[in-house]
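Residue-level structural notes
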Amino acid sequence: MTEDEQSGMEPRSFLTCVTEVARLLGVGDVAVEPKGQHARRLAHAVRKPLLERGSLPEEWFAPLMTAAVYDPDPSFCRWFVEPAVYAFGRRRVMAALVEYLRGGTDAERAGAVRAWYSAHVPLRADRSPAYGPGGVRNPALDEVQDIKVAWLEASLRVFAEFTDLQMRHRVLLNLPTSRAAYPPPLRKLLESTLASARAHPDPYIRRWAAAADHEGV
């Protein structure tokens, strides 16, 4: 079973998102593939043109992020995240994913968790013309320490507020077990999360709490 089937995400929703990105790029129709592969073929067609652009129009940001979040494959959502990081900055991309995690639908929250990993893609001056001459880039575009704290808080709150086991597993995958990774304002929320996880009937969740207890402060 694919991850989109498990999460209830409709493949057609991803196709709609990719089609919008292709329309903005002016990418023509590609051969229609059977069994839901049309969206992936279209995503492949837009990947290179996106990375080859030195800049992207402002109105492209939201469609790119939507396509990244609705991409059911955690390996391929990078095709939308990476050009967005280069063109708009890691900070803005990660902030958008935090908002999806905070207030999105269940499918969008799951997609934000998948895309979060790709948002850490290494930046290289030879990878995209979005860098200025000589590899110059405004460091403010990629300053994300406070955004990472916001992600930790949103993840802890999703764990606390959702009873869906799969959603809880997803957010735990991105939650560090070291208490040192959590700033003081989040320590109380972390401890309540650990208390809940220790008593949870699911062994995976209990193992995460045990790992955190083992690492200690």
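Residues numbered from 1 in each chain as written. Predicted model: local features only at pLDDT ≥ 70, side-chain atom pairs only at ≥ 80, totals over all residues. Heavy atoms only, no water.

Structural notes on the overall build of the chain
To keep it simple, the criterion reads: Numbered from the N terminus, helices here are DSSP runs of H or I no shorter than four residues, and strands are runs of E no shorter than two. Between buried and exposed lies partly exposed: a residue is buried under 20% and exposed over 50% of the maximum accessible area for its type, with that area taken using a 1.4 Å probe on protein chains only. Residue contacts follow a heavy-atom distance rule, with two residues in contact if any of their heavy atoms lie within 4.5 Å.
Across its full length, the chain carries eleven helices and zero strands. In sequence order, the chain lays out its α and β elements as α-α-α-α-α-α-α-α-α-α-α. Within the chain, the proportion of its 217 residues that are buried is 45%. The contacts in the chain between residues at least 6 apart in sequence include a share of 70% that link residues at least 24 apart.

Side note on the pattern of salt bridges
Here is the rule we go by: Here, a salt bridge means any Lys or Arg side-chain nitrogen found within 4 Å of an Asp or Glu carboxyl oxygen.
In total, this model carries 15 salt bridges according to the counting rule given. Where Arg137 meets Asp142, a salt bridge forms, and the shortest distance between an N and an O atom there is 2.6 Å. Measuring nitrogen to oxygen at the nearest pair gives 3.3 Å for the salt bridge that ties Asp213 to Arg179. Taken together, the residues Asp213 in helix H11 (residues 203-215) and Arg179 in the loop between helix H9 (165-173) and helix H10 (187-198) connect sequence positions 34 residues apart. On the basis of relative accessible area, Asp213 is assigned to the partly exposed category, the value being 33%.

With respect to the nonpolar core
Going by this rule: The criterion is simple. A nonpolar core is a set of buried Ala, Val, Leu, Ile, Met, Phe, Trp, Tyr and Cys residues joined through side-chain atoms within 4.5 Å.
Grouped together as the largest cluster of nonpolar side chains are 64 residues, with contacts concentrated most on Phe80, Val93, Leu97 and Trp208. Among the elements that take part in this core, helix H8 (residues 145-161) stands out by supplying eight residues, more than any other. Once residues lying within four places of it in the same chain are set aside, the contact partners of Phe80 are Phe14, Val18, Ala43, Val46, Leu64, Ala67, Ala68 and Asp71.

Overview of the confidence of the model for the chain
Note the following rule: Every residue is assigned a pLDDT by the predictor, reflecting its confidence on a scale from 0 to 100.
Scored by pLDDT, the chain comes out at a mean of 88, with 89% of its residues at no less than 70. Counting interchain partners and residues more than four positions distant, the pLDDT-below-50 stretch residues 1-12 has 15 contacts.

Side note on the packing of helix H7 (residues 106-118) against H9
Going by this rule: Axis angles are defined between N-to-C directions and span 0 to 180 degrees, where every axis is a line fitted to C-alpha atoms and, for a helix, only to the segment in contact. Working definition: roughly parallel below 35 degrees, roughly antiparallel above 145 degrees, roughly perpendicular at 65 to 115 degrees, and oblique for all remaining angles. The sense of a crossing depends on the near helix, which, turned anticlockwise from the far helix by less than a right angle, makes the crossing left-handed and, turned clockwise, makes it right-handed.
Remark: H7 packs on H9, axes separated minimally by 9 Å, with the N-to-C direction vectors making an angle of 25 degrees. When the interaxial angle is binned, H7 and H9 end up roughly parallel. Judged by the sense of rotation from one axis to the other, the crossing of H7 with H9 is left-handed. Touching Asp106, Arg109, Ala110 and Val113 of H7 are Met167, Arg170 and Val171, all from H9.

Quick word on helix H4 (residues 61-70)
Burial analysis of H4 places eight of its ten residues in the buried class, which makes it a mostly covered element. Every buried residue of H4 is accounted for by Phe61, Pro63, Leu64, Met65, Ala67, Ala68, Val69 and Tyr70.

Quick look at the side chain of Arg40
Spelled out, the test is: Counting of polar contacts relies on pairs of N or O atoms within 3.5 Å, with two restrictions inside protein: one atom must be capable of donating a hydrogen and the other of accepting it, and residues adjacent in sequence are counted only when both atoms are side-chain atoms.
Along the chain, Arg40 turns up in helix H3 (residues 38-52). Given a relative accessible area of 16%, Arg40 falls into the buried group. Looking at Arg40, its side chain comes within polar contact range of the side chain of Asp71, at 2.6 Å.

What to know about the packing of helix H6 (residues 90-103) against H7
Formally: Three residue categories are used. Nonpolar comprises Ala, Val, Leu, Ile, Met, Phe, Trp, Tyr, Cys and Pro, charged comprises Asp, Glu, Lys and Arg, and polar comprises the others, including Gly.
Between H6 and H7, whose axes approach to 8 Å, the crossing angle comes to 150 degrees. Here H6 is positioned roughly antiparallel relative to H7, judged by the angle of their axes. At the point where H6 passes H7, the crossing takes the left-handed sense. For the pair formed by H6 and H7, the contact residues are Met94, Leu97, Val98, Tyr100, Leu101, Arg102 and Gly103 on the first element and Glu108, Arg109, Ala112, Val113, Ala115 and Trp116 on the second. Here the residues of the contact of H6 with H7 sort into nine nonpolar, one polar and three charged.

Let's talk about the environment of Asp71
Considering the arrangement of structural elements, one finds Asp71 in the loop between H4 and helix H5 (78-88). Taking C-alpha positions, Asp71 is 9.8 Å from Ala112, a pair spaced 41 residues apart along the chain. Dropping the residues within four chain positions of it, Asp71 is found in contact with Phe14, Arg40, Phe76, Cys77, Phe80 and Arg114.

Section: the side chain of Ser118
Note on placement: Ser118 falls in helix H7. In this structure Ser118 touches Pro74, Cys77, Arg78 and Val81, once residues within four positions along its chain are discounted.

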